[in-house]
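Now for the letters of each chain:
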Amino acid sequence: LPESLICRVKTLSLGVSEQRVLLRIQELAKRFGEITGADVILMITQQELADSVNLSRESVCRILNVLELQNVVKLQRKKLIINVKKVDQALAAAL
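Presented here is a report on the structure given in the accompanying data block. In this text the structure is predicted, and so the values were computed from the model without any measurement.

A few words on helix α4 (residues 57–69). Compared with the 18 Å implied by 1.5 Å per residue over 13 residues, the 18 Å span of α4 between its first and last C-alpha is a close match. Three or more residues of α4 are buried, namely S59, V60, I63, L64 and L67. Seen along its axis, α4 keeps its buried residues to an arc of 130 degrees; they face one direction. Exposed and facing more than 90 degrees away from the buried side of α4 are R62 and L69.

To continue, consider the packing of helix α2 (residues 17–32) against helix α5 (residues 84–94). Relative to each other, α2 and α5 sit at 145 degrees, their axes nearing to 10 Å. By crossing handedness, the relation of α2 to α5 is classed as left-handed. Of the residues in α5, those in contact with Q19, L22, L23, I25 and Q26 of α2 are V87, D88, A90, L91 and A94. Considered class by class, the residues forming the contact of α2 with α5 number 7 nonpolar, 2 polar and 1 charged.

With that out of the way, let us pick up unusual backbone geometry. For N54, which is not glycine, the phi torsion reads 55 degrees and is therefore positive. Among the structural elements, N54 can be located in the loop between α3 (46–52) and α4. Overall, the relative accessible area of 52% leaves N54 in the exposed class. Even without a glycine there, the phi angle at K78 is positive, about 60 degrees.

Here we take up α5. Helical periodicity: at 3.6 residues per turn, an α-helix aligns residues three or four positions apart in one direction. Among the residues of α5, V87, A90 and L91 are the ones counted as buried. What you see down the axis of α5 is that its buried residues fit within an arc of 100 degrees, all on one side. Of the exposed residues in α5, those oriented more than 90 degrees away from the buried face are K85, A92 and A93. The N-cap residue of α5 is N83: its side-chain oxygen and the backbone nitrogen of K85 are 3.2 Å apart.

Reading the values: rules and limits
- Residues numbered from 1 in each chain as written.
- Predicted model: local features only at pLDDT ≥ 70, side-chain atom pairs only at ≥ 80, totals over all residues.
- Heavy atoms only, no water.
- Helix = DSSP H or I, 4+ residues; strand = E, 2+ residues; numbered from the N terminus.
- Expected span 1.5 Å × (residues − 1).
- Buried < 20%, exposed > 50% of the residue type's maximum accessible area, 1.4 Å probe, protein only.
- Arc of directions from axis to C-beta.
- Axes fitted to C-alpha atoms, helices over the stretch in contact; angles between N-to-C directions.
- Left-handed = near helix turned anticlockwise from the far one by under 90°.
- Contact = heavy atoms within 4.5 Å.
- Nonpolar A, V, L, I, M, F, W, Y, C, P; charged D, E, K, R; others polar.
- Polar contact = N/O pair within 3.5 Å; in protein donor to acceptor, adjacent residues only side chain to side chain.

Here's what the structure looks like:
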């Protein structure tokens, strides 16, 4: 199976919202992100991210705010700055 399909199945099967968002961010960063040192810039709106994980924008916004407090992501208008190492650590702790 293609890697993107496997990741999508994992994302939907996990069920826990934060894990779904983290997995999706990880996948999108690998596929579409612009690498800048230790971070990856991902051009995406909160609504687009919410649609891709089947959550409301409000739920994704709350999750992203928590992740920002944990220095996993930085929120900017229509983009996320992702600390890939911290995303991997957060996923390892969650799984």
